[in-house]
Amino acid sequence: QVQLVESGGGLVHAGGSLRLSCAASGSIFTFTDMGWHRQAPGEQRELVAIISRRGRTTYAESVKGRFTISRDNAKNTVYLQMNSLKPEDTAVYYCAGTLRRSTWDETDYDSWGQGTQVTVSS
């Protein structure tokens, strides 16, 4: 129902930073949680960060301390600030929302965007 468009990906050297944006066609306040996910070619998609309507955040251990998820309800946009990037962060990054209770389960997320490519060189 709500369309999501990711942007901000690119090619960076290890240790660099990127800020991803997820712009929604509707109110992101509708979702219980918004999440950033990533998928490398041939790999399973994984959750990396989620943020609730009230701003509570949760991170995968692999990105904790390096990535920060935030939201701007007035702009209907969710952000992912990625610092100290590593080659293993290379993937297509997606955002999606869930209408269910706050969950760390990517199968509960809907309204997927098309993704933005992040490539980290060594």
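Residues numbered from 1 in each chain as written. Predicted model: local features only at pLDDT ≥ 70, side-chain atom pairs only at ≥ 80, totals over all residues. Heavy atoms only, no water.

## Notes on the overall build of the chain
Counting secondary structure elements, the chain contains zero helices and ten strands. The order of helices and strands in the chain, counted from the N terminus, is β-β-β-β-β-β-β-β-β-β. The C-alpha atoms of the chain give a radius of gyration of 13 Å, which matches the 14 Å a tight globule of 122 residues would have. Counting all 122 residues of the chain, 46% fall into the buried class. Considering only contacts in the chain between residues 6 or more positions apart, those separated by 24 or more positions represent 59%. (Helix = DSSP H or I, 4+ residues; strand = E, 2+ residues; numbered from the N terminus. Rg over C-alpha atoms; globule rule 2.2 N^0.38 Å. Buried < 20%, exposed > 50% of the residue type's maximum accessible area, 1.4 Å probe, protein only. Contact = heavy atoms within 4.5 Å.)

## Quick notes on the pattern of salt bridges
Under the criterion given, the structure shown has six salt bridges. When the shortest N-O distance is used, the salt bridge between Asp89 and Arg66 registers 2.7 Å. With a gap of 23 residues between them, Asp89 in the loop between β8 (77-82) and β9 (91-98) and Arg66 in the loop between β6 (57-59) and β7 (67-72) connect regions that are remote in the sequence. Classification of Arg66 as buried rests on a relative accessible area of 10%. Between Arg100 and Asp108 there is a salt bridge, with the nearest N and O atoms lying 2.5 Å from each other. (Salt bridge = Lys/Arg side-chain N within 4 Å of Asp/Glu carboxyl O.)

## A closer look at the sheet that holds strand β2 (residues 10-13)
If you walk across this open sheet you meet the six strands as β2-β10-β9-β4-β5-β6, and the pairing is mixed. Edge strands, defined here as strands with exactly one partner in the open sheet, are β2 and β6. For this sheet the average axis-to-axis angle between neighbouring strands, irrespective of direction, equals 25°. The pairing of β2 with strand β10 (residues 116-121) spans four bridges and is classified as parallel. Considered in β10, the bridge of His13 is made with Ser121. (Pairing = 2+ DSSP bridges. Axes fitted to C-alpha atoms, helices over the stretch in contact; angles between N-to-C directions.)

## Describing the nonpolar core
With 28 residues, the main nonpolar core has Met34, Trp36, Ile69, Val78, Leu80, Met82 and Tyr93 as its most contacted residues. Elements with a contribution of two residues or more to this core: β3 (18-24), β4 (33-39), β5 (46-52), β7, β8, β9 and β10. The greatest single-element share of this core, amounting to four residues, is contributed by β3. (Core = buried A, V, L, I, M, F, W, Y, C linked by side-chain atoms within 4.5 Å.)

## Topic: the side chain of Arg66
A polar side-chain atom of Arg66 sits 3.0 Å from the main-chain carbonyl oxygen of Ser84. Setting aside anything within four residues of it in sequence, one finds Arg66 in contact with Gln81, Met82, Asn83, Ser84, Leu85, Lys86 and Asp89. (Polar contact = N/O pair within 3.5 Å; in protein donor to acceptor, adjacent residues only side chain to side chain.)

## Things to note about the environment of Ser52
Mapped onto the fold, Ser52 is located in strand β5. On the basis of relative accessibility, which here comes to 8%, the residue Ser52 falls in the buried class. When the C-alpha atoms of Ser52 and Thr98 are compared, they prove to be 9.8 Å apart, with 46 residues separating the residues in sequence. Contact partners of Ser52, with chain neighbours within four places excluded, come to Thr32, Asp33 and Arg71.

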